[in-house]
Amino acid sequence: MLLHHAFARTAQRLADKPALVSVDERICYGELLERVHVLAGTLRGDGVERGDRVLALLDNGVEFAVAVHAVLAVGAVFVPVGALVKAQKLEFIARDTRACALLTQARLADTWRPVLHAATSLRCCRVAGDTRGLDADVRVRPWPSHGDTGHRQEPASGPHELATLVYTSGTTGVPKGVMLTHANILSAWTSIQDYLGLREDDVIGLSLPAAFSYGLNNLMMGLAIGATVVLDRSAAFPVKVAQMLARERVTVFPGVPTLFASLLGLQDLARFDFGALRLLTNAAAALPEPHVRRLRAAFPEARLISMYGMSECIRASYLPPAEIDRRPGSVGRGILHQTHWLVDEAGQRLPDGSIGELVVSGPHVMQGYWERPAETGARLEPGPIDGERMFHTGDIFRSDADGYLYFVSRKDDIINTRGEKVAPREVENAIYQLDAVAACAVVGVADSVLGEAVKAYVTLRPGCRVAERDIVRHCLARLESYMAPKFVEIVDELPRTESGKIRHASLRRPA
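Below you will find a few notes about this structure. (Residues numbered from 1 in each chain as written. Predicted model: local features only at pLDDT ≥ 70, side-chain atom pairs only at ≥ 80, totals over all residues. Heavy atoms only, no water.)

**Examining the overall build of the protein**
The number of helices and strands found in the protein is 13 helices and 28 strands. In terms of C-alpha radius of gyration, the protein reaches 23 Å, essentially the compact-globule figure of 24 Å for 511 residues. Across its three principal directions, the C-alpha atoms of the protein cover 70 × 55 × 45 Å. Buried positions account for 60% of the 511 residues belonging to the protein. Restricting the contact set of the protein to residue pairs at least 6 apart, pairs at least 24 apart contribute 65%. Surface accessibility of the protein: about 21100 Å² in total, with carbon and sulfur atoms responsible for 50%. (Helix = DSSP H or I, 4+ residues; strand = E, 2+ residues; numbered from the N terminus. Rg over C-alpha atoms; globule rule 2.2 N^0.38 Å. Buried < 20%, exposed > 50% of the residue type's maximum accessible area, 1.4 Å probe, protein only. Contact = heavy atoms within 4.5 Å. Areas by Shrake-Rupley, 256 points an atom, 1.4 Å probe, with all protein chains shown as cover.)

Below is the structure:
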């Protein structure tokens, strides 16, 4: 079975059940499937063939869900791009993939219009919304509202062919296209469903961008099992997110630390009725322990599952809810059908209770980076099972005696100061113990005496105040002196990737 087959079978079985809710409309499974057939037929007419790459520059909405299933139905490769992307990055991805088609929206024309003229491989551009006056380019065509929905013979695609190219955020260099097959993603879904237990009667509130791995998999898994997915665009406005959760009676809410922090910062969070909410999930970055405690208090009836994953393997670990109070800082142990271990700098395996780089192996691990053999070779090796790969994550973890994992740092983020190594995560955990702190990022900055100095950037919760020197004193009381920040800067906001991660790299400038 291929990815889009699961949705199609569910849509035929639950034709009258609500499938998607967005700011623009609500549609049932039967209508969604019909729109997928229409767009798939249109893409075939536009010359899109098996193996072609199709870009999707779309925000959270019905068009996104239609696009991913239609592209897969014609045997092409789906390349999602976040709606907040800059034109320069979109052009890079279009050139890198040699995409033949672009699916987008009229309101995003300022981003895609200059790219259309620069990316000569693009043969057509289907635009949702009012296209009048947008461009005289004959490749710009309206999004189809009707067409041939009859059955067409699918190309002979197999589960080991590419399904998606998900581009990394590029925080450590040039963005790279993560190659995932139908089999990679279906394997990950099997393991994730094993511990999440998503149900047909669930309502999934998706405030995360659907264009990124975490959001994309929640959208597609939800539609595959017959749940209702609420595609929300208000992640930057926590009050609107809270209103959506209450209004739509959301039962499952996937989040990231920055999204949860903004919700917890609401002064009147208790006035909202979250009685339907049964499951909170966190990925992309580890939750600070104080946030775990606050989430448990704010949503006492909901199970909280802390997870770790990357685009390159979708998911690698989860913490069972029964362990959340005993091990609030942990992201759990490995998922089903996966093996993993820690290695030292020489690549030697380490026993439980050690600190080292996490290596993951299993059928969910990517095929490599699109047309980047050197970068692929640096991160992938043949796995212990034929056809599987070992992925060196580049993330440093410690494990406890029971094998539970605790995120320490990206290898590139380790700070070398006074001849000692400092993991930013440990300093950030100490700072998060201050109730006034909403978010923080710790980085190393050039220092003529220390080599690198520890610097903390901090944002505060609404109505709270704390002095920089008090943050330093707080850290000195809890950490070794060389770990305490030499510099603290209170800022209004922290730079983030489109998926919500804090951009540590952009904060590393001379103090």
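Following the structure, the description resumes.
**Considerations on the pattern of salt bridges**
Counting across every chain of the model gives 33 salt bridges. The salt bridge partner of Arg296 is Asp325, with a shortest N-O separation of 2.8 Å. With Arg296 in helix H10 (residues 289–298) and Asp325 in the loop between strand S15 (317–319) and strand S16 (333–334), this pair connects stretches of sequence that are 29 residues apart. Looking at Arg296, the relative accessible area reads 27%, which means it is partly exposed. The exposure class of Asp325 is exposed, given its relative accessible area of 54%. Salt bridges sharing common partners tie together Glu323, Arg326, Arg327, Asp400 and Asp402. (Salt bridge = Lys/Arg side-chain N within 4 Å of Asp/Glu carboxyl O.)

**A short note on the nonpolar core**
Within the largest apolar cluster, 120 residues are counted, with the highest numbers of intra-cluster contacts made by Leu20, Leu103, Leu219, Leu223 and Phe253. Per element, the largest residue contribution to this core is 10 residues, and it comes from helix H3 (residues 62–73). Once residues lying within four places of it in the same chain are set aside, the contact partners of Phe253 are Gly205, Ser207, Val241, Met244, Leu245, Leu259, Phe260, Leu263, Leu277, Leu279, Leu280 and Thr281. In this structure, Val422, Ile471, Leu479 and Ile502 belong to the second largest nonpolar core, which totals 31 residues. (Core = buried A, V, L, I, M, F, W, Y, C linked by side-chain atoms within 4.5 Å.)

**Notes on the packing of aromatic side chains**
By the definition in use, this model includes 8 aromatic pairs. Aromatic side chains Tyr308 and Phe397 sit 4.8 Å apart centroid to centroid with 80 degrees between the ring planes, which places their arrangement in the edge-to-face category. Taken together, the residues span a long stretch of sequence, with Tyr308 in strand S14 (residues 303–308) and Phe397 in strand S22 (residues 389–399) at a distance of 89 residues. Accessibility assignment for this pair places Tyr308 and Phe397 in one class, buried. Ring centres of Phe397 and Phe407 lie 5.5 Å apart, and the angle between their planes is 80 degrees; this geometry places the pair in the edge-to-face category. In this pair, Phe397 sits in strand S22 while Phe407 sits in strand S23 (residues 405–410), placing the two residues 10 residues apart along the sequence. Looking at Phe397, the relative accessible area reads 0%, which means it is buried. (Phe/Tyr/Trp six-rings, centres within 6.5 Å; stacked < 30°, edge-to-face > 60°.)

**Notes on the sheet that holds strand S26 (residues 437–447)**
Read across the open sheet, the 3 strands follow the order S26-S27-S28; overall the sheet is mixed. Looking along the sheet, the strands with just one partner apiece sit at the ends: S26 and strand S28 (487–490). Taken pair by pair, the neighbouring strands of this sheet meet at an average axis angle of 25 degrees, ignoring direction. Here S26 runs beside strand S27 (residues 451–460); their pairing, made up of 10 bridges, is antiparallel. The partner of Ala441 across the bridge, within S27, is Tyr457. Sitting on the sheet, helix H12 (residues 424–432) is in contact with S26 and S27, with an inclination near 140 degrees to S26. Set on the sheet, helix H13 (residues 468–476) makes contact with S27 and S28; between it and S28 the angle comes to about 130 degrees. (Pairing = 2+ DSSP bridges. Axes fitted to C-alpha atoms, helices over the stretch in contact; angles between N-to-C directions.)

**A few points about helix H7 (residues 213–225)**
The terminal C-alpha atoms of H7 lie 18 Å apart, and with 13 residues this matches the ideal 18 Å at 1.5 Å per residue to within 8%. When you tally the buried positions in H7, you get 12 out of 13 residues, the bulk of the element. When H7 is considered as a whole, its buried residues turn out to be Ser213, Tyr214, Gly215, Leu216, Asn217, Asn218, Leu219, Met220, Met221, Gly222, Leu223 and Ala224. Trailing H7 by a residue or two, Gly226 shows a phi angle of about 95 degrees, which is positive. (Expected span 1.5 Å × (residues − 1).)

**A word on the pairing of strand S19 (residues 355–362)**
Taking burial as the measure, the 8 residues of S19 include 7 buried ones, the bulk of the element. Where strand S17 (residues 339–343) lies against S19, 5 bridges are found, and the strand directions are antiparallel. When the bridges of S19 are listed, His340 appears paired with Val360. Direction of pairing for S19 relative to S22: antiparallel, over a ladder of 7 bridges. Opposite Ile355, over in S22, you have Arg398 as the bridge partner.

**A short note on H3**
An α-helix turns once every 3.6 residues. As a result, residues three or four positions apart point the same way. Here H3 spans 17 Å end to end across 12 residues, near enough to the 16 Å set by a 1.5 Å rise per residue. With 11 of 12 residues buried, H3 is to be regarded as a mostly interior element. Listed in full, the buried residues belonging to H3 are Val62, Phe64, Ala65, Val66, Ala67, Val68, His69, Ala70, Val71, Leu72 and Ala73.

None of the figures reported here should be taken as evidence of function without further support.
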